[in-house]
Amino acid sequence: MKLFDVYPINNINIVKGEGSLVWDNKGQEYLDLYGGHAVISIGHTHPHYVKRLTTQLNQIGFYSNSIEIPIQVELAEKLGKISGKEDYQLFLCNSGAEANENALKLASFANGRKKIIYFTKAFHGRTSLSVSVTDNPKIVAPVNENSNVIILPFNNIEALKNVFEDEGEEICAVIIEGIQGVGGIRLANTEFLQTIRSLCDENGAYFIADSVQCGYGRSGKFYAHDFAGVDADIYSMAKGMGNGFPIGAISISPKLKPWHGMLGTTFGGNHLACAAALAVLEVIEKEKLMQNATNVGEYLITELKKFDKVLEVRGRGLMIGIDLPEELSHVKKDLLFKEHIFTGEAKPNVIRLLPALNLTMAHADRFLTSFNKILNQ
């Protein structure tokens, strides 16, 4: 059997990682400023993380949600405290797409409506509902096409108000990333998020804050939406939540009431996944990683804006987009193969930086030096 060929793959075999560094099978060291799509939040093989997982695995790795799992309660309490949403409820699943799928389904259950508003350049996942509110027709199969979704221009208050004025009683939910990731590190502005909140309140719709990539402290606050000073009804999360172990979740406002069988999952909330998620939160709290994300991120953004050849620098904390002209489309590849630095991209020519939240200033400087070198070759 061969692998289903859906990924363009670099000819690199990473076999070891520590902090923000990884090594291939030939012993070559790389600086990891992408963390496998914003997944590595506390660094590769963090000692506390390894110990937490190993200890749990030596006890029990999995049992189903048909029994008491105290570590789920422990995770919910810790997540509520650190996120500042202690009165919310936690549903655990396995991925970001699954989190968004459940968020949309939950909203529809709650108000009995079907229509979902999403925005240009949005990416919410690849499963049936989540891909129907993703702005990429290429990955929406015919079976995923959904007549109940409404796409609007990102950060356009007037367009949003017009739809609510015409169809407010039919709108189930609005789903939005606090910072668009795949869309090119584009920030939802404060007034826009506040307008979503007020329009949802006025019309009985639900505000879903997709925090899969921009959440978990990456922006310098726990959820990027927090900068707007409003609470969403449902927050979805995954990626950085388990530092590489598959886990996702939705944090749910107390206004939404559950009933048995409403949502369900086989693997979600298993002992090992919860141990991974708790280890991440414990390290974020103990090592003050949200503050570090703010400090190192502000430094990187300030320095990157000094490069004449850069069109624009966008982002918050350690979620940074570097917009380059077309003639510099080679920079990402050169950073990887000439300077041995992993970065991400967003089409057409945006370099995405999504490093671990404990990235050091020294590693930030290493990147800036290499970036300058590539730009001026």
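Residues numbered from 1 in each chain as written. Predicted model: local features only at pLDDT ≥ 70, side-chain atom pairs only at ≥ 80, totals over all residues. Heavy atoms only, no water.

Visitor: Residue-level account of the overall build of the chain, with values.
Guide: When helices and strands are counted, the chain shows 11 helices and 17 strands. Relative to the globule expectation of 21 Å for 377 residues, the C-alpha radius of gyration of the chain, 20 Å, shows essentially globular dimensions. When the backbone C-alpha atoms are referred to their principal axes, the chain occupies close to 55 × 55 × 45 Å. Of all intrachain contacts in the chain linking residues separated by at least 6 positions in sequence, the fraction that spans at least 24 positions is 73%. Accessible area for the chain stands at about 17500 Å²; split by element, carbon and sulfur atoms hold 52% of it. (Helix = DSSP H or I, 4+ residues; strand = E, 2+ residues; numbered from the N terminus. Rg over C-alpha atoms; globule rule 2.2 N^0.38 Å. Contact = heavy atoms within 4.5 Å. Areas by Shrake-Rupley, 256 points an atom, 1.4 Å probe, with all protein chains shown as cover.)

Visitor: Provide a residue-level description of helix α4 (residues 96–111), including the pertinent values.
Guide: For α4, with 16 residues, the first-to-last C-alpha span of 23 Å sits near the 22 Å given by 1.5 Å per residue. Listed as buried for α4 are G96, A97, A99, N100, E101, N102, A103, L104, L106, A107 and N111. Looking at the residues trailing α4, positive phi occurs at G112, about 70°. (Expected span 1.5 Å × (residues − 1). Buried < 20%, exposed > 50% of the residue type's maximum accessible area, 1.4 Å probe, protein only.)

Visitor: Which residues make up the sheet that holds strand β14 (residues 319–323), and what values go with them?
Guide: Pairing in this open sheet of four strands is antiparallel, and the strands run β13-β14-β17-β16 from one edge to the other. Of all strands in the sheet, those bounded by a partner on one side alone are β13 (312–316) and β16 (344–346). Each neighbouring strand pair of the sheet contributes to a mean axis angle of 25°, computed without reference to strand direction. Strand direction decides the pairing type here: β16 and strand β17 (residues 350–353), joined by three bridges, are antiparallel. For E345, the partnering residue across the bridge sits in β17 and is I351. (Pairing = 2+ DSSP bridges. Axes fitted to C-alpha atoms, helices over the stretch in contact; angles between N-to-C directions.)

Visitor: Go over the environment of G240 with me, naming the residues and quoting the values.
Guide: Mapped onto the secondary structure, G240 falls in the loop between β11 (234–237) and β12 (248–252). A residue is classified by how much of its surface remains accessible, and G240, at 6% relative accessible area, is buried. The sequence separation of G240 and G36 amounts to 204 residues, and the corresponding C-alpha distance is 9.9 Å. Not counting residues up to four positions away in its chain, the partners in contact with G240 are A38, V39, S41, Y216 and V280.

Visitor: Account for the packing of aromatic side chains, with residues named and values stated.
Guide: Summed over all chains, the structure comprises 11 aromatic pairs. The ring of F227 is capped by R316, whose NZ or CZ atom sits 4.1 Å from the centre of that ring. (Phe/Tyr/Trp six-rings, centres within 6.5 Å; stacked < 30°, edge-to-face > 60°. Lys NZ or Arg CZ within 6 Å of the ring centre and 35° of its normal.)

Visitor: Help me get a handle on the environment of Y223, residues and values and all.
Guide: One can find Y223 in the loop between β10 (206–210) and β11. Sequence separation between Y223 and Q213 is 10 residues, and the spatial gap between their C-alpha atoms is 9.7 Å. Among residues more than four places away in sequence, those in contact with Y223 are S83, K85, S211, G215, Y235, M237 and S251.

Visitor: Explain the pairing of strand β5 (residues 115–119) to me, and be specific about the residues and the numbers.
Guide: The two faces of a sheet get side chains in turn, since along a regular strand they alternate between them. In terms of residue burial, β5 counts as a mostly covered element, since five of its five residues are buried. Here β5 shows no split at all, with K115, I117 and F119 on one side and I116 and Y118 on the other all buried. Bridge count for β5 against strand β6 (residues 149–152) is four bridges, and the pairing is parallel. Each residue of the ladder has a partner; that of F119, found in β6, is L152.

Visitor: Outline the sheet that holds strand β3 (residues 29–32), supporting the account with residue identities and numerical values.
Guide: Across the sheet, four strands lie side by side as β1-β2-β3-β15; this open sheet has mixed pairing. Each having just a single partner strand, β1 (14–18) and β15 (341–342) make up the two edges of the open sheet. Along the sheet, helix α11 (residues 361–375) contacts β2 (21–24), β3 and β15; its crossing angle with β3, the most-contacted strand, is approximately 100°.

Visitor: I'd like a rundown of the packing of helix α3 (residues 70–83) against helix α8 (residues 271–286), residues and numbers included.
Guide: Here α3 crosses α8 at 30°, and the two axes come no closer than 9 Å. The angle between α3 and α8 falls in the class roughly parallel. The two elements α3 and α8 cross, and the hand of that crossing is left-handed. Of α8, the residues touching α3 (which contributes I71, Q72, E74, L75, K78, L79, K81 and I82) are H271, C274, A275, A277, L278, L281, E282 and E285. In the contact of α3 with α8, the residues fall into nine nonpolar, two polar and five charged. (Parallel < 35°, antiparallel > 145°, perpendicular 65-115°, else oblique. Left-handed = near helix turned anticlockwise from the far one by under 90°. Nonpolar A, V, L, I, M, F, W, Y, C, P; charged D, E, K, R; others polar.)

Honestly, it's all geometry; don't read function into it.
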